[in-house]
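# A closer look at the structure
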Amino acid sequence: VIQAWYMDDSNEDQRLPHHKDPKEFVSLEKLAELGVLSWRLDADNYETDEALKKIRESRGYSYMDFCDICPEKLPNYEEKIKSFFEEHLHTDEEIRYCVAGSGYFDVRDHNDAWIRVWVKKGGMIVLPAGIYHRFTLDTDNYIKAMRLFVGDPIWTPFNRPHDHLPARKEYLEAFVEKGD
Ligand code: KMT
Ligand code: NI
């Protein structure tokens, strides 16, 4: 339910997979080194799922809502789709649990290369505070994601460059090896 790979650098439709030729996959362990955490959960039973409950309790994810991304349900759809795909960071974790559909969360690696993380039904990911990233739907054009947060949510995106923010500095100190 979660696969990741390095992206090519073509300017084709953002909803296409953008694999390199040959394909270059990225392991979940490598993602974890960048601070990107992931789980596989039972999306048909999220209301009663003990595994989800444990993650929420241990990480303090008290807030929860859903984001349904389709033209009928998301106000200002076209505008939002565009802004999700602007490279940005947040001052807090971005936590998304895909309960239906699928989408691409692109994250920058240590060398500023794009890694495309394909999250499908049952996949949950945490992007750490301060990582540069962006989001797009894939060609299926639909995702329903649970959004989690520690306390009152702050969704503000800071478009790149925002390197002076404490969250950015702390991210680099925590997850980018010295001298890399
Ligand atoms: C974000 O912050 O990029 C989003 O909320 C995208 C939609 S969540 C699948
Ligand atoms: Ni974001």
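A brief structural summary. These numbers were taken from a predicted model, which means no experiment stands behind them.

### Thoughts on the pairing of strand β9 (residues 133-137)
Of all the five residues making up β9, five are buried; the element is thus mostly covered by neighbouring parts of the structure. Where burial is concerned, the two faces of β9 agree: the one with H133, F135 and L137 and the one with R134 and T136 are both buried. Sheet topology note: the strand β6 (residues 94-108)/β9 ladder contains five bridges and is antiparallel. Of the residues in β9, the one forming a bridge with G103 is L137.

### Notes on the side chain of D68
Mapped onto the elements of the fold, D68 is located in strand β4 (residues 63-69). In this structure D68 comes out as buried when scored by relative accessible area, which is 16%. In this structure the side chain of D68 is engaged in a polar contact, spanning 3.3 Å, whose partner is the side chain of K73. At 2.5 Å, the side chain of D68 and the side chain of Y142 are in polar contact. Apart from residues no more than four positions distant in its own chain, D68 is found in contact with K73, L74, Y142, I143 and K144.

### Digging into the coordination of the nickel ion (ligand 2)
Each protein donor to the nickel ion (ligand 2) is listed here as H88 (NE2), H90 (NE2), E94 (OE) and H133 (NE2); together their distances run 2.0 to 2.1 Å. Geometry at the nickel ion (ligand 2) is irregular, judged from the four donor atoms that bind it and their angles of 85 to 176° at the metal. For the nickel ion (ligand 2), all donor residues lie on one chain, and their spacing in sequence is H-x1-H-x3-E-x38-H. Each member of the pair, H88 together with E94, is buried.

### Focus: the nonpolar core
Nonpolar side chains tend to gather and get buried jointly when the protein is soluble and globular. One finds I69, I115 and V117 to be the most contacted residues of the largest nonpolar core, which totals 26 residues. Those elements that provide at least two residues to this core are β1 (2-6), β4, α3 (77-84), β6, β7 (114-120), β8 (123-127) and β9. Beyond its immediate stretch of four places on either side in the chain, I69 contacts L74, Y77, I81, F84, F135, L137, N141, Y142 and I143. Within the second largest apolar cluster, twelve residues are counted, among which are I55, Y61, I95 and Y97.

### Quick notes on the environment of D49
Position of D49 relative to the elements: it lies in the loop between β3 (37-40) and α2 (50-59). With residues up to four places along the chain from it excluded, the contact list for D49 reads L41 and D42. A polar contact of 3.1 Å, which involves the side chain of D49, links it to the backbone nitrogen of A51.

### Quick word on the site of ligand 1
Lining the immediate surroundings of ligand 1 are I69, F84, E94, R96, F105, F135, I143 and A145. One of the side-chain N or O atoms of E94 is found 3.4 Å from an oxygen atom in ligand 1. Between ligand 1 and the protein, one listed contact pairs an oxygen atom with a side-chain N or O atom of R96 at 3.0 Å. Coverage of ligand 1 by the protein amounts to 96% of the 290 Å² it exposes when considered alone. Those elements that provide at least two residues to the shell around ligand 1 are β6 and β10 (143-149). Here the element with the most residues in the shell around ligand 1 is β6; it accounts for three residues.

Definitions and limits used
Throughout, a residue's number is its position along its own chain's written sequence, starting from 1. Throughout, the order in which chains and ligands are written sets their labels, letters from A for the former and numbers from 1 for the latter. Where local features are concerned, this predicted model is filtered to residues with pLDDT of at least 70; where side-chain atom pairs are given and counted, the filter is 80 or more; whole-chain, interface and lining totals use all residues. Side-chain descriptors were evaluated using all non-hydrogen atoms of the structure, hydrogens and water having been removed beforehand. A 1.4 Å probe rolled over the protein chains alone gives each residue an accessible area, and that area as a share of the maximum for its type sets the label: buried under 20%, exposed over 50%, partly exposed in between. Only DSSP runs of H or I with at least four residues qualify as helices, and only runs of E with at least two residues qualify as strands; both kinds are numbered from the N terminus onward. When DSSP locates at least two bridges between a pair of strands, those strands are taken to pair. Here a polar contact is taken to be a pair of N or O atoms separated by no more than 3.5 Å, where protein atoms must pair a possible hydrogen donor with a possible acceptor and residues adjacent in sequence count only if both atoms sit in side chains. Any two residues whose heavy atoms approach within 4.5 Å at even a single point are treated as in contact. Water is absent from the atoms considered, so a metal site may look incomplete; donors are defined as N, O and S atoms within 2.8 Å of the metal, or 3.2 Å for Na, K and Ca. In short, tetrahedral needs four donors with all angles between 85 and 135 degrees, square planar needs four and octahedral six donors with opposite donors over 155 degrees apart and all other angles between 65 and 115, and whatever is left is irregular. As used here, the term nonpolar core means buried Ala, Val, Leu, Ile, Met, Phe, Trp, Tyr and Cys residues forming a set that is joined through side-chain atoms within 4.5 Å. Whether a residue is near a molecule or strand depends on its heavy atoms: if one lies within 4 Å, it is near. All accessible areas in this document rest on Shrake-Rupley with a 1.4 Å probe, and a residue is counted as covered only by the protein chains that are shown.

Treat this as a map of the structure, not an account of what it does.
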